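Residues per chain, in single letters:
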Amino acid sequence: KMPAAIVASGAILHYLDITRHTRTGHITRLSRIEEDTFVRLDKFTIRNLELLNPLGEDGKSLLDIIDRTVSPMGARMLRRSHSLSKTQRKSMPASTPLNISSKTPTTAKTCANNSNA
């Protein structure tokens, strides 16, 4: 189906092997990202919607509002699962896909719970 993608995947795995990256056991399958399940948001939209960071000093981002974790480790895992590191953000293209199919039901439920609180 996608011979170039299969060759590229093999090349990446070979590179990891010859450069002694031994922690690759979690890579069990590769799959194509279906673009129709994502919405592309550019970095300005992400900033203006305050999804990850508030604009004002006393503001709250959406991530701050949905963060109901009880430990610093949980908060880091939540942030990591919904965002990119600063280095990744600097190198990302003008628009970034955001998977809405898996996050929308959770976000809607969380927002409903927050409005009742």
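Bear in mind that the values here come from a model prediction, so they are computed numbers and not experimental data.

A. Summary view of the overall build of the protein chain. The helix and strand tally for the protein chain stands at 6 helices and 2 strands. Along the protein chain, helices (α) and strands (β) appear in the sequence α-β-α-α-α-α-β-α when read from the amino end. Counting over 117 residues, the protein chain shows a buried share of 12%. When contacts within the protein chain are restricted to residue pairs at least 6 apart in sequence, long-range pairs at least 24 apart make up 47% of them.

B. Molecular detail of the confidence of the model for the protein chain. Averaged over all residues, the pLDDT of the protein chain equals 74, while 68% of them reach at least 70. The least confident element of the protein chain is helix 5 (residues 86-91), whose mean pLDDT is 47; the most confident is helix 1 (residues 3-18), at 90. Taken as a whole, residues 85-92 scores under 50 in pLDDT and shows 5 contacts with residues more than four places along the chain or in a different chain.

C. Region of interest: helix 1. Its 16 residues place the ends of helix 1 23 Å apart at the C-alpha level, agreeing with the 22 Å of an ideal helix rising 1.5 Å per residue. Where helix 1 ends, the next residue or the one after it, Arg20, has phi of about 65°, a positive value.

D. Inspection of the environment of Asp42 at higher detail. Residue position: Asp42 is located in strand 1 (residues 38-42). Relative accessible area serves as the criterion here: at 28%, Asp42 is assigned to the partly exposed category. There is a polar contact of 2.9 Å between the side chain of Asp42 and the backbone nitrogen of Phe44.

E. View of the side chain of Ser61. Residue placement: Ser61 occurs in the loop between helix 2 (43-48) and helix 3 (62-66). Residue Ser61 is classed as buried on the basis of its relative accessible area, which comes to 0%. Here Ser61 is in contact with Glu50, Leu51, Leu52, Asn53 and Pro54, once residues within four sequence places are set aside.

F. How the structure looks around unusual backbone geometry. Phi at Arg20 takes a positive value of approximately 65°, unusual for a residue other than glycine. Considering the arrangement of structural elements, one finds Arg20 in the loop between helix 1 and strand 1. Phi is positive for Glu50, close to 55°, though the residue is something other than glycine. Counting through the fold element by element, Glu50 comes out in the loop between helix 2 and helix 3. Under the relative-accessibility criterion, Glu50 is labelled partly exposed at 25%.

Parameters and conventions
Just so you know, the residues in each chain are numbered from 1, in the order the chain's sequence is written. Note on the predicted model: pLDDT of at least 70 is required for a residue's local features to be given, and 80 or more for side-chain atom pairs to be given and counted; whole-chain, interface and lining totals, by contrast, use all residues. Calculated side-chain values reflect all of the structure's heavy atoms, with hydrogen atoms and water omitted. Think of it this way: any DSSP run of H or I at least four residues long counts as a helix, any run of E at least two long counts as a strand, and we number them from the N terminus. Note on classification: 1.4 Å probe, protein chains only; a residue is buried when its accessible area is under 20% of the maximum for its type, exposed when over 50%, partly exposed between these limits. We call two residues in contact when some of their heavy atoms are within 4.5 Å. Across the chain, each position has a pLDDT score giving the predictor's confidence in that residue, from 0 to 100. A helix is expected to reach a length of 1.5 Å times the quantity of its residues less one. Polar contact is defined as a pair of N or O atoms within 3.5 Å, subject to the rule that within protein one atom must be able to donate a hydrogen and the other to accept it, and that residues adjacent in sequence are counted only when both atoms are side-chain atoms.

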